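Residue strings, one per chain:
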Amino acid sequence: ISLKKGLDMFLLLLVPALVYICYVDIITCHYELTNVAYSKPVTLSSLFDNDSRYIGSKVVNGLFSDLIATTAERSPWLRIDLGARFEINEIEVFARTDCCVNQLHDVDFKVGGSIHHMHRCGHYTGPTTAKGQRIAVFCPRNTIGRYVQIQITKGPSNYLTPAEVLVWGVKVN
Ligand SMILES: [Ca+2]
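This structure is a prediction, so every number in the text was calculated from the model and none was measured.

A.B. asks: Please provide a residue-by-residue account of the overall build of the protein chain, values included.
C.D. replies: What the protein chain contains, in helices and strands, is 1 helix and 8 strands. A globule of 173 residues ought to have a C-alpha radius of gyration of about 16 Å, yet the protein chain, at 22 Å, is considerably larger. Taken along the three principal axes of its C-alpha coordinates, the protein chain extends 85 × 30 × 25 Å. Looking at the protein chain as a whole, 28% of its 173 residues qualify as buried. Taking as baseline every contact in the protein chain between residues at least 6 positions apart, the subset at least 24 positions apart corresponds to 72%.

As structure tokens, then:
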């Protein structure tokens, strides 16, 4: 085997190997998702009874035993400020674990770069039927944003009362 042929053979093997490594790296990156909502600031459209037990931070504290609660509104919402831009893969919402299992219904999941430009990334009609029930949406590919908003969009009078929201994403530059 000549040197040139050997070199050709080497390149022939090297190029696919590099392509494969890059491909695997993309796959790896895709699965390096973390809950980017944990401990981030949360704004609520209103606070039930002005009771500090139900403030926004309770929905990103990692505990399923507590919850947020708005007053009864037509379209109550919560909004998480992730503090930076993230590519968002999945949003999970967990119903309260104490009672009132049907309070989560007709939920819009929105993501945006600013609070004035939010795009719907999914919808859950429901209602939930079990304490602590998990609902989840997968955002379209390349959904990038800093703010995540969860909002009830139907019915005359609703309480928004999830126990926890998890946002699975990867930071982008
Ligand atoms: Ca909680």
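A.B. asks: Before we move on, can you summarise the environment of isoleucine 135 with the specific residues and values?
C.D. replies: Among the secondary structure elements, isoleucine 135 is positioned in strand β6 (residues 134-138). We classify isoleucine 135 as buried; it has 21 C-beta atoms within 10 Å. As for isoleucine 135 and isoleucine 91, which are separated by 44 residues in sequence, their C-alpha atoms are 8.4 Å apart. Beyond its immediate sequence surroundings of up to four residues, isoleucine 135 is in contact with Val93, Leu104, Tyr124, Gly126 and Thr128.

A.B. asks: Requested: an account of the nonpolar core, with residues and values cited.
C.D. replies: Core analysis: the largest hydrophobic core is formed by 32 residues, its most contacted members being Ile91, Val93, Val165 and Val167. Broken down by secondary-structure element, the contributors of at least two residues to this core are β2 (42-44), β3 (77-94), β4 (107-114), β7 (144-152) and β8 (164-171). With 7 residues, the single largest contributor to this core is β3. If we ignore the near neighbours within four places in the chain, the residues touching valine 167 are Asn35, Val36, Ala37, Ile80, Ile88, Ile91 and Val148.

A.B. asks: So what about the pairing of β7? Which residues, and what values?
C.D. replies: Sheet topology note: the β3/β7 ladder contains 7 bridges and is antiparallel. Note that in β7 the partner of glutamate 87 across the bridge is isoleucine 144. The pairing of β4 with β7 spans 6 bridges and is classified as antiparallel. Looking at β7, one finds that phenylalanine 109 is bridged to isoleucine 150.

Definitions and limits used
- Residues numbered from 1 in each chain as written.
- Predicted model: local features only at pLDDT ≥ 70, side-chain atom pairs only at ≥ 80, totals over all residues.
- Helix = DSSP H or I, 4+ residues; strand = E, 2+ residues; numbered from the N terminus.
- Rg over C-alpha atoms; globule rule 2.2 N^0.38 Å.
- Buried ≥ 20, exposed ≤ 12 C-beta atoms within 10 Å, placed from the backbone.
- Contact = placed C-beta atoms within 7 Å.
- Core = buried A, V, L, I, M, F, W, Y, C linked by C-beta atoms within 7 Å.
- Pairing = 2+ DSSP bridges.

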